[in-house]
Amino acid sequence: MGETGNPWDCNSFKKRWNAFVRKAGFAGTRPYALRHTFAIINLARGENIKTVSVLLGHADASYTLDLYVGFIPATTRGLANRYVGRLVPGLVDGGGKHGLKEDFR
């Protein structure tokens, strides 16, 4: 909304957007990129995939899942732990000579 309470026209919005991203150090970032940021932040915080899908306007949650599965914490952590655990037995669970107890993310 503009100063008068009316929506900005396209040129006004673009001018303000470009000034904002330049000042923030993200020159060249398009407003559309915020959709991805929104999805990633919410999924990383554990929001339901169906809810995020609806908010993004996707017709099917499977499409959202295909795009963002790597940002769902339990998915990436589980995959990384299984993969690393096979490469170096005992590394993930704290056993063996390495004794690390943290998750690999």
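The preceding data block contains the structure.
This report concerns the structure included in the present document. (Residues numbered from 1 in each chain as written. Predicted model: local features only at pLDDT ≥ 70, side-chain atom pairs only at ≥ 80, totals over all residues. Heavy atoms only, no water.)

Looking at the element boundaries, Ser53 is found in helix α3 (residues 49–56). Overall, Ser53 belongs to the buried group, its relative accessible area being 0%. When sequence neighbours within four positions are dropped, the list of residues in contact with Ser53 reads His58, Asp60, Ala61 and Thr64. (Helix = DSSP H or I, 4+ residues; strand = E, 2+ residues; numbered from the N terminus. Buried < 20%, exposed > 50% of the residue type's maximum accessible area, 1.4 Å probe, protein only. Contact = heavy atoms within 4.5 Å.)

Time to look at helix α4 (residues 61–68). Among all positions in α4, only Ala61, Thr64 and Tyr68 are buried. Across the axial projection of α4, the buried residues extend over an arc of 60°, all falling on one side. On the buried face of α4, the contacting elements are α2 (33–44) and α3. For α4, the N-terminal cap is Asp60; the gap from its side-chain oxygen to the backbone nitrogen of Ser62 is 3.1 Å. (Arc of directions from axis to C-beta. Polar contact = N/O pair within 3.5 Å; in protein donor to acceptor, adjacent residues only side chain to side chain.)

Next up on the list: the packing of aromatic side chains. For the structure on display, the rule yields three aromatic pairs. Plain terms: the ring middles of Trp8 and Phe13 are 6.4 Å apart, the flat faces sit at 40° to each other, and that makes the pair tilted. Overall, the relative accessible area of 34% leaves Trp8 in the partly exposed class. With a relative accessible area of 36%, Phe13 lands in the partly exposed category. Pairing Phe13 with Trp17 gives two aromatic rings, centres 6.1 Å apart and planes at 20°, and the pair type is stacked. Taken together, the residues Phe13 and Trp17, both in helix α1 (residues 10–24) and four residues apart, mark about one turn of the helix. An aromatic cluster is defined as three or more aromatic residues linked by ring pairs; in this entry it consists of Trp8, Phe13, Trp17 and Phe20. (Phe/Tyr/Trp six-rings, centres within 6.5 Å; stacked < 30°, edge-to-face > 60°.)

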